[in-house]
Amino acid sequence: MSQPLFELRAVDKDYYSTRRKSIFSRRGKSVPVKALQDIHLQIFAGEIFVIVGLSGSGKSTLLRTLNHLIPATSGDVTFQGRALATLSEHELIALRRQHMSMVFQSFALFDERTVLENVAFGLEVAGIPREAREARALTMLEKVGLAQVAEQYPHQLSGGMQQRVGLARALVVEPTVLLMDEAFSALDPIIRREMQSLLLMLQTGSQRTIVFVTHDMEEALRLGSRIAIMEKGKLVQVGKPEVLINTPATPYVRHFFSGVDVSRWQLAENYADIWGTR
Ligand SMILES: Nc1ncnc2c1ncn2[C@@H]1O[C@H](COP(=O)(O)OP(=O)(O)OP(=O)(O)O)[C@@H](O)[C@H]1O
């Protein structure tokens, strides 16, 4: 098997929150929230790796340890064999710029910039001249079907369109990894499915790796090459969708499939045919 792109070994993350002190403190000492506990994980190039779990299970924290926005309290996180904790702030910023983009639920667009300027932002930061960056941004907007609104401002667009701008902005820098945190969760169901299809279409033939956080099992099954299920800061099972469905490790994992039509995933041999765009 190829070398993992990310490798996590014995990763813990404890939060010491003053906000929570009155609830969790004992004799004035704050008790940490154990957001991640003993995480061992490998993520490979080209995967759409989906992290699923209930609210508070540690999904966002795990995602943010991958780009060191949240440093692990203990354990190792490596990217392309480099331990993130050993990098200087300067090296980390360079690594993130070169390899990683993020897409958030809240879109996080710049209101005072046009759609084109929003998409071109990462290229501007990278020092690409205006003409070249705007040409690349426009090509990316064409790919997400939004070239016609390039000169508009984010507030003039629907939520679904704004998230397509967010996706274009993340992809235009050609990242090795796309980190997506509940990126489609604020969208209504039809637009959400359209965004999932768009993401799968854009991923076709690409070696880009996507790590996608969601609490929605339908979305996880639709997008994931592999799925990790989290419970209270721990990884309870990691595997291909059909493996999780056919052999759930715990009742908690099984619980995630209640209400989801899993019949399409139950026969592993049919799995490759389910989504033509994968
Ligand atoms: N900055 C922080 N300070 C203190 N506790 C935190 C902080 N961030 C997260 N937590 C706690 O860590 C745990 C994991 O949070 P995290 O946001 O990673 O979970 P999640 O699965 O992404 O949740 P959600 O789906 O609600 O976003 C929760 O108990 C949360 O309250």
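Since the structure is predicted, the reported quantities are computational estimates derived from the model, not experimental observations. (Residues numbered from 1 in each chain as written. Predicted model: local features only at pLDDT ≥ 70, side-chain atom pairs only at ≥ 80, totals over all residues. Heavy atoms only, no water.)

Draft legend 1. Just the packing of aromatic side chains, in detail. In the structure shown here, the tally under the stated rule is four aromatic pairs. Ring centres 5.1 Å apart and planes at 50° place the aromatic pair F6 and F79 in the tilted group. Of this pair, F6 sits in strand β1 (residues 6-15) while F79 is found in strand β4 (residues 74-79), placing the two residues 73 residues apart along the sequence. The same class applies to F6 and to F79, which are both buried. The side chain of R113 reaches across the aromatic face of F110, ending 5.5 Å from its centre. (Phe/Tyr/Trp six-rings, centres within 6.5 Å; stacked < 30°, edge-to-face > 60°. Helix = DSSP H or I, 4+ residues; strand = E, 2+ residues; numbered from the N terminus. Buried < 20%, exposed > 50% of the residue type's maximum accessible area, 1.4 Å probe, protein only. Lys NZ or Arg CZ within 6 Å of the ring centre and 35° of its normal.)

Draft legend 2. Molecular detail of the pairing of β4. Bridge analysis of β1 against β4 gives five bridges, and the strand direction is antiparallel. Paired with L8 across the two strands is V77, which belongs to β4. As defined by bridge partners, β4 adjoins strand β5 (residues 82-83) across two bridges and the pair is classed as antiparallel. Residue pairing for β5: F79 is matched across the bridge by R82. Between β4 and β5, which pair antiparallel in sequence order, lie two residues; one of them, Q80, sits at a positive phi of approximately 50°. (Pairing = 2+ DSSP bridges.)

Draft legend 3. A look at the sheet that holds strand β2 (residues 33-43). Read from one edge of the open sheet, four strands run β2-β1-β4-β5, paired in antiparallel fashion. Of all the strands in the sheet, just β2 and β5 have a single pairing partner and so form its edges. As judged from the seven bridges shared by β1 and β2, these two strands associate in the antiparallel manner. Paired with D14 across the bridge in β2 is K34.

Draft legend 4. Quick peek at the packing of helix α4 (residues 115-125) against helix α6 (residues 159-171). One way to put it is that α4 packs onto α6 with a least axis distance of 7 Å and a crossing angle of 30°. When the axes of α4 and α6 are compared, the pair comes out roughly parallel. Two packed elements cross with a definite hand, and for α4 against α6 that hand is right-handed. Residue-level contacts link V115, N118 and V119 of α4 to V165, A168 and R169 of α6. Looking at side-chain class alone, the contact of α4 with α6 contains four nonpolar, one polar and one charged residues. (Axes fitted to C-alpha atoms, helices over the stretch in contact; angles between N-to-C directions. Parallel < 35°, antiparallel > 145°, perpendicular 65-115°, else oblique. Left-handed = near helix turned anticlockwise from the far one by under 90°. Contact = heavy atoms within 4.5 Å. Nonpolar A, V, L, I, M, F, W, Y, C, P; charged D, E, K, R; others polar.)

Draft legend 5. Expanded view of a negative patch on the surface. Taken together, the side chains of D111, E112, E117 and E151 define an acidic patch exposed on the protein surface. Residue placement: E117 occurs in helix α4. Judged by relative accessible area, which is 30%, E117 ranks as partly exposed. (Patch = residues over 30% accessible without salt bridge, like charges linked within 9 Å, V, L, I, M, F, W, Y side chains within 5 Å. Areas by Shrake-Rupley, 256 points an atom, 1.4 Å probe, with all protein chains shown as cover. Salt bridge = Lys/Arg side-chain N within 4 Å of Asp/Glu carboxyl O. Lys, Arg positive; Asp, Glu negative; His and termini not counted. Charge placed at Lys NZ, Arg CZ, Asp CG, Glu CD.)

Draft legend 6. Fine view of the sheet that holds strand β3 (residues 48-53). What the six strands build is an open sheet, ordered β6-β7-β8-β3-β9-β10; its pairing is mixed. The open sheet has two edge strands with one neighbour each: β6 (100-104) and β10 (234-239). If you compare each strand with its neighbour and ignore which way they point, the axes differ by 15° on average. Sheet analysis places strand β7 (residues 177-181) next to strand β8 (residues 209-214), joined by five bridges and oriented parallel. Within the sheet, the bridge partner assigned to L179 lies in β8 and is V211. Contacts from helix α3 (residues 89-99) reach β6 and β7, with the element oriented near 75° to β6. Strands in contact with helix α7 (residues 189-203) are β3, β7 and β8; relative to β8, the strand with the most contacts, it is inclined by about 160°.

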